[in-house]
Amino acid sequence: MPTNLPAEARAKWLKYLEARTPEEKLAALQEFFSAIPKHKGTENLRAWVRRKISELKEEVEEKRLRRSGGGISFFIEKEGAAQVVMLGMTQVGKSSLLRLLTNAKPEVSNVPFTTKKPVPGMMRYEDIYFQVVEAPALVEGSADGAIWWGTRVLGLARNADVLMLVIDLSNDPLRQVNVLIKELKTAGIYLKKPRGKVLVRKSKAIHGAKVVLCGKLIDCTIDDVRRLLEVSRMYGIEVRIYGEVTLEDVEKAIYETVTYKPCLVVLNKADLVSRDFTIKVVNSIKDILPDAEVAVTSAKVRKGLNDIPGKVFKLADIIRVYTKEPNSPKPSPEPLILKRGSTVEDAVRRVREEFVKYFKYARIWGPSAKYPGERVGLNHVLEDGDVIEVRTTIKGI
Ligand SMILES: Nc1nc2c(ncn2[C@@H]2O[C@H](COP(=O)(O)OP(=O)(O)OP(=O)(O)O)[C@@H](O)[C@H]2O)c(=O)[nH]1
Ligand SMILES: [Mg+2]
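Residues numbered from 1 in each chain as written. Chains lettered and ligands numbered in written order. Predicted model: local features only at pLDDT ≥ 70, side-chain atom pairs only at ≥ 80, totals over all residues. Heavy atoms only, no water.

### Remarks on the overall build of the protein
Next up, step 1: When its secondary structure is counted, the protein shows 11 helices and 17 strands.
Next up, step 2: Relative to the compact-globule value of 21 Å for 397 residues, the protein shows a C-alpha radius of gyration of 23 Å, a close match.
Next up, step 3: Here the C-alpha coordinates of the protein stretch approximately 65 × 60 × 50 Å along the principal axes.
Next up, step 4: For the protein, the residues scored as buried account for 47% of the 397 residues in total.
Next up, step 5: Accessible surface, the protein as shown: approximately 20,400 Å² in total, 50% of it carbon and sulfur. (Helix = DSSP H or I, 4+ residues; strand = E, 2+ residues; numbered from the N terminus. Rg over C-alpha atoms; globule rule 2.2 N^0.38 Å. Buried < 20%, exposed > 50% of the residue type's maximum accessible area, 1.4 Å probe, protein only. Areas by Shrake-Rupley, 256 points an atom, 1.4 Å probe, with all protein chains shown as cover.)

See the structure below:
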């Protein structure tokens, strides 16, 4: 990624960041593209912009079709605790697994590319539900337009919380995994956990550019990051750095070019191959994708399915917190779903934003409490299964 784009290009980039609708974004990005100088250092950026333009074109077209009441929509509104998007080549058993894991009833057949539009279903895990979406099959070259729905499926993947790569064990499984990794990478979706995290928040309320260092910068100083924001003319932006991060990571994050997705590899059709072969494939996948979870299934003989919801829960990196009214003996049966690492403040805000202002203290029962009913403040970090009772200065609450 180039750090020193000409001023004209940077100004156009800002326009893109400010754009709200897909139409505005598309127009702004097309202008930005024409302002990027063509040389080796901008190759990646240009490739990314080109892909983003084609994605936006499809989004605009889809919107138009939706409005006119025709066409196939690829957008699936999120429901439940997290959205899991199922990806894979054709005929690997995606629809068969979706039928067994969720309430959805997609068509299963031995005709390639049977599923032509995304199909959502709800999968239960203990007391919560995940949304699982089967995406139409990918092929090699999807990210570069080998099939018309390829970039749409990858757009769906970019919006997902967790990816489920479904692999047919009986048909050169490692090749399938490698093709999927390659297509996702081309679309800027990485399955390897970054060592650090760069969170970018844009808001008119932020004065200038703010850098908050909660982790470590590996190859630069905080001043280099500030300079990068300055030369990129990034204003009204806050950059928070967690873990170990390079200047390039910061750059990728501010230009929104790459994203990491946790992933579950489901090795299906285990009934067609030997145990030894399956073990070998599992080990190779753990080498290729060290951060992924792996499950071995057979939709045909209904094996290995019970592991999937728990693995998805682990990957989604969420916790369940149960609120309790003061003086009520029992917490609400429906948990709040929060990101792992969330605090009492996050929980309070989720219930009602303005309660934070009137917050007195909270009582906690469960894994994060030192003893049942521990009294804690807004900064207390919650854990999965906690029960929380909030006391405010508002009378009776
Ligand atoms: N032996 C065996 N066959 C399976 C298994 N899972 C699915 N199949 C068969 O594989 C074929 C394709 O299954 P689908 O579930 O439709 O596959 P898909 O990935 O949704 O395929 P498309 O939507 O067409 O891309 C069907 O004939 C299924 O019966 C399995 O675990 N073992
Ligand atoms: Mg299908």
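### With respect to the coordination of the magnesium ion (ligand 2)
Next up, step 1: Note on the magnesium ion (ligand 2): its protein donors are Ser-95 (OG), Thr-115 (OG1) and Glu-134 (OE). The metal-donor distances range over 2.0 to 2.2 Å.
Next up, step 2: Between consecutive donor residues of the magnesium ion (ligand 2), the sequence gaps follow S-x19-T-x18-E. With a gap of 20 residues between them, Ser-95 in helix α4 (residues 94–101) and Thr-115 in the loop between α4 and β2 (119–125) connect regions that are remote in the sequence.
Next up, step 3: Judged by its relative accessible area of 8%, Ser-95 falls in the buried class.
Next up, step 4: Its relative accessible area of 13% is what places Thr-115 among the buried residues. (Donors = N, O, S within 2.8 Å, 3.2 Å for Na, K, Ca; no water.)

### Things to note about the nonpolar core
Next up, step 1: One finds Leu-87, Phe-130, Leu-163 and Met-164 to be the most contacted residues of the largest nonpolar core, which totals 65 residues.
Next up, step 2: No other element matches the 6 residues that strand β4 (residues 162–168) contributes to this core.
Next up, step 3: Setting aside residues no more than four positions away along its own chain, Met-164 makes contact with Val-84, Val-85, Met-86, Leu-87, Leu-101, Val-132, Leu-264, Val-266 and Ile-308.
Next up, step 4: If you look at the next biggest cluster of nonpolar residues, it comprises 33 residues, including Ile-237, Val-239, Val-250 and Ala-253. (Core = buried A, V, L, I, M, F, W, Y, C linked by side-chain atoms within 4.5 Å. Contact = heavy atoms within 4.5 Å.)

### Considering the site of ligand 1
Next up, step 1: The local shell around ligand 1 holds 24 residues, among which Thr-90, Ser-96, Thr-114, Asp-271 and Ala-299 are the closest.
Next up, step 2: The contact in question runs from an oxygen atom of ligand 1 to an N or O atom on the backbone of Phe-113, over 3.2 Å.
Next up, step 3: Isolated, ligand 1 exposes 650 Å² of accessible area, and the fraction of that covered by the protein chains is 87%.
Next up, step 4: The element contributing the most residues to the shell around ligand 1 is α4, with 3 residues. (Near = heavy atom within 4 Å. Polar contact = N/O pair within 3.5 Å; in protein donor to acceptor, adjacent residues only side chain to side chain.)

### Topic: the packing of aromatic side chains
Next up, step 1: All told, the structure shown has 8 aromatic pairs when counted by the stated rule.
Next up, step 2: Between Trp-13 and Phe-32, the ring centres sit 5.0 Å apart and the planes meet at 55°, which makes this aromatic pair tilted. Remark: Phe-32 occurs in helix α2 (residues 22–35) and Trp-13 occurs in helix α1 (residues 7–18); sequence separation between them is 19 residues.
Next up, step 3: Of the residues examined, Trp-13 reaches a relative accessible area of 1% and is grouped as buried.
Next up, step 4: Note on Phe-32: relative accessible area 0%, which makes it buried. (Phe/Tyr/Trp six-rings, centres within 6.5 Å; stacked < 30°, edge-to-face > 60°.)

### A few points about unusual backbone geometry
Next up, step 1: Backbone geometry at Phe-113 places phi at a positive 60°, although glycine is not the residue there.
Next up, step 2: Among the secondary structure elements, Phe-113 is positioned in the loop between α4 and β2.
Next up, step 3: Here Arg-302, not a glycine, exhibits a phi torsion of approximately 55°, which is positive.
Next up, step 4: For Arg-302, a relative accessible area of 61% translates into the label exposed.

### Thoughts on the side chain of Thr-114
Next up, step 1: Among the structural elements, Thr-114 can be located in the loop between α4 and β2.
Next up, step 2: Only 2.6 Å separates the side chain of Thr-114 from the backbone oxygen of Val-111, close enough to count as a polar contact.
Next up, step 3: Residues contacting Thr-114, with those up to four places away along its chain left out, are Gln-91, Glu-107 and Ser-109.

### Considering the sheet that holds strand β11 (residues 263–268)
Next up, step 1: With mixed pairing, 6 strands are arranged side by side in an open sheet as β2-β3-β1-β4-β11-β12. Bordering the open sheet on either side are β2 and β12 (293–296), each of which pairs with just one other strand. Adjacent strand axes in the sheet meet at a mean angle of 25° when their direction is disregarded.
Next up, step 2: Here 4 bridges tie β11 to β12, and the two strands are oriented parallel to one another. Note on β12: the bridge partner recorded for Val-265 is Val-294.
Next up, step 3: Strands β1 (83–88), β2, β3 (128–134), β4 and β11 of the sheet are contacted by α4, whose axis makes an angle of about 150° with β1.
Next up, step 4: Across the sheet, helix α9 (residues 275–288) touches β11 and β12, and the angle it forms with β12 is around 165°. (Pairing = 2+ DSSP bridges. Axes fitted to C-alpha atoms, helices over the stretch in contact; angles between N-to-C directions.)

### A few points about the domain arrangement of the protein
Next up, step 1: Under the domain assignment used here, the protein contains domain 1 (1–70), domain 2 (83–191 + 261–316), domain 3 (194–257) and domain 4 (318–392).
Next up, step 2: Taking only C-alpha atoms, the centre of domain 2 and the centre of domain 3 are 33 Å apart. (Domains from an automatic or database assignment.)

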